[in-house]
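So the chains spell out like this:
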Amino acid sequence: MGINFVKALGVHPDALELRAERTKVLASNIANESTPGYKARDLDFAATLKQMQDDGDNGLALDDGVNAKYRIPYHPTRDGNTVELGVEQAAFSQNASDFQTSLTFVGMKIKGLAKAIGGQ
Amino acid sequence: MSFRDITQIAGSAMAAQSVRLNTVASNLANAQSAASTEAQTYHARKPVFAAMVDSSRDLTGSRVQVLDVVESQEPLRKVYEPDNPLANEEGIVFYPNVNPVAEMTDMMSASRAFETNVEVMQRVKSMQQSLLKLGEG
């Protein structure tokens with residue numbers, strides 16, 4: 001019985017990729033903080049992760065932007081911009097921590113595999 | 001992984017915010033630049049930001065671009081200063097329509113936004129570095 005690496009790593013590589021993609025979305029929100037009419041967006045994490053796992057190893061298919069949804073602002077603004085810096089900063093920071101978490105999980109899995117291969 | 005895109009997005013925002021800081025500096029520096037006609041008087045300058053939507057690539061991230069720098073159309077300040085060498089026949093001097101308080105708040109907002117994007121870049125850099133260390137040790 002061989003080791004299936006994709007199976008062994010589980011959901012974590014997908015989650016890691018999704019976290020990296022979400023970083024981009026949030027960075028874009030922060031970058032457009034003062035752009036009139038810009039609508040803040042965020043990824044639907046659960047839906048996108050499910051889609052990625054159903055699609056198999058095709059990777060992230062966000063080109064249609066289906067799972068990038070618009071954020072509902074707490075306070076509307078005159079210029080139509082829906083970026084709320086505090087919200088975005090909190091989300092960005094949380095997302096960076098989640099990225100590190102996923103990364104740690106992948107690292108642990110890889111260490112486990114290395115041990116199994118080494119026959120320890 | 002889209003780290004290069006993120007760096008570009010944060011970089012574009014930093015560039016845009018520095019244009020904004022540039023206009024603020026120019027407006028504040030010229031706040032007292034008098035002139036004898038309305039046309040010659042300095043008008044406050046404001047940058048116009050726009051999201052760069054590149055639909056051919058993907059929809060999740062967009063950079064910022066400075067579309068234009070426009071001159072404010074607010075009325076100029078007319079001051080009666082007959083002994084000013086720039087005064088017209090009626091003794092009127094025109095001062096720019098710069099609002100120093102608004103400019104100061106704009107400056108704070110711009111520098112905070114700049115700092116936020118620097119922070120984004122630092123976080124992305126540390127994420128990337130820890131990704132490179134994956135499987136070590």
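Residues numbered from 1 in each chain as written. Chains lettered and ligands numbered in written order. Predicted model: local features only at pLDDT ≥ 70, side-chain atom pairs only at ≥ 80, totals over all residues. Heavy atoms only, no water.

Asks: Please provide a residue-by-residue account of the overall build of chain B, values included.
Replies: If you tally the helices and strands in chain B, you get two helices and four strands. Along chain B, helices (α) and strands (β) appear in the sequence α-β-β-β-β-α when read from the amino end. The globule rule puts the C-alpha radius of gyration for 137 residues at 14 Å, and the 22 Å found for chain B is more than 25% above it. By principal-axis analysis of the C-alpha atoms, chain B measures approximately 80 × 35 × 15 Å. (Helix = DSSP H or I, 4+ residues; strand = E, 2+ residues; numbered from the N terminus. Rg over C-alpha atoms; globule rule 2.2 N^0.38 Å.)

Asks: Residues and numbers for the pattern of salt bridges, please.
Replies: Applying the stated rule across the entire model yields 11 salt bridges over all chains. Among the salt bridges present, the one from Lys24 of chain A reaches Asp5 of chain B, with a minimum N-O distance of 3.3 Å. Residue Lys24 of chain A is located in helix H2 (residues 12-31), and its partner Asp5 of chain B is located in helix H1 (residues 3-29); the two belong to separate chains. The class of Asp5 of chain B is buried, set by a relative accessible area of 19%. Close ionic contact of Lys69 of chain A with Asp44 of chain A constitutes a salt bridge, the shortest N to O distance being 2.9 Å. (Salt bridge = Lys/Arg side-chain N within 4 Å of Asp/Glu carboxyl O. Buried < 20%, exposed > 50% of the residue type's maximum accessible area, 1.4 Å probe, protein only.)

Asks: How would you sum up the nonpolar core? Please name residues and give values.
Replies: Among the nonpolar cores identified, the biggest contains 17 residues, and Phe92 and Phe99 of chain A together with Phe3, Ile6, Val120 and Val124 of chain B are the most heavily contacted of them. In this structure, Phe99 of chain A is in contact with Leu16, Arg19 and Ala20 of chain A together with Phe3, Met127 and Leu131 of chain B, ignoring residues within four places of it in sequence. (Core = buried A, V, L, I, M, F, W, Y, C linked by side-chain atoms within 4.5 Å. Contact = heavy atoms within 4.5 Å.)

Asks: Can you break down the interface of chain A and chain B residue by residue, with the values?
Replies: Across the contact, 37 residues belong to chain A and 34 residues belong to chain B. Both faces combined, the contact of chain A with chain B buries some 2,800 Å², and carbon together with sulfur accounts for 64% of it. Linking chain A to chain B there are one salt bridge. Across the contact surface, chain A and chain B share six residue pairs in polar contact (both at pLDDT 80 or more). Elements with a contribution of two residues or more to the side of chain A that touches chain B: H2, strand S1 (41-43) and helix H4 (85-118) of chain A. Top contributing element to the side of chain A that touches chain B by residue count: H4 of chain A, with 13 residues. The residue makeup of the side of chain A that touches chain B, split by class, is 18 nonpolar, 11 polar and eight charged. (Buried area = accessible area lost by both parts, 1.4 Å probe. Polar contact = N/O pair within 3.5 Å; in protein donor to acceptor, adjacent residues only side chain to side chain. Nonpolar A, V, L, I, M, F, W, Y, C, P; charged D, E, K, R; others polar.)

Asks: Give a description of the environment of Met108 of chain B that names residues and reports values.
Replies: Positionally, Met108 of chain B belongs in helix H2 (residues 100-132). A sequence separation of 69 residues divides Met108 of chain B from Ala39 of chain B, and the C-alpha atoms of the two residues are 30 Å apart.

Asks: Report on H4 of chain A, specifying residues and quantitative values.
Replies: Residue and element names in this part refer to chain A. Under the 1.5 Å per step criterion, the end-to-end length of H4 is 49 Å for 34 residues, consistent within 8% with the ideal 50 Å. Within H4 the residues assigned to the buried category are Glu88, Ala91, Phe92, Asn95, Ala96, Asp98, Phe99, Ser102, Leu103, Val106, Gly107 and Leu113. One or two positions beyond H4, positive phi appears at Gly119, with a value near 75 degrees. (Expected span 1.5 Å × (residues − 1).)

Asks: Can you tell me about a nonpolar patch on the surface, naming the residues and giving the values?
Replies: A grouping of Ile3, Phe5 and Ile117 of chain A is seen on the molecular surface, where their side chains present a nonpolar patch of about 300 Å² in accessible area. Turning to its location among the elements, Ile3 of chain A is positioned in the segment before helix H1 (5-9). (Patch = residues over 30% accessible without salt bridge, like charges linked within 9 Å, V, L, I, M, F, W, Y side chains within 5 Å. Areas by Shrake-Rupley, 256 points an atom, 1.4 Å probe, with all protein chains shown as cover.)

Asks: Hey, could you go over the confidence of the model for chain B for me, with residue numbers and the actual values?
Replies: Residue-level pLDDT values for chain B average 90, and 93% of them are 70 or greater. Interface confidence for the predicted complex, given as ipTM, is 0.79, next to a pTM of 0.83. (pLDDT = per-residue confidence, 0-100.)

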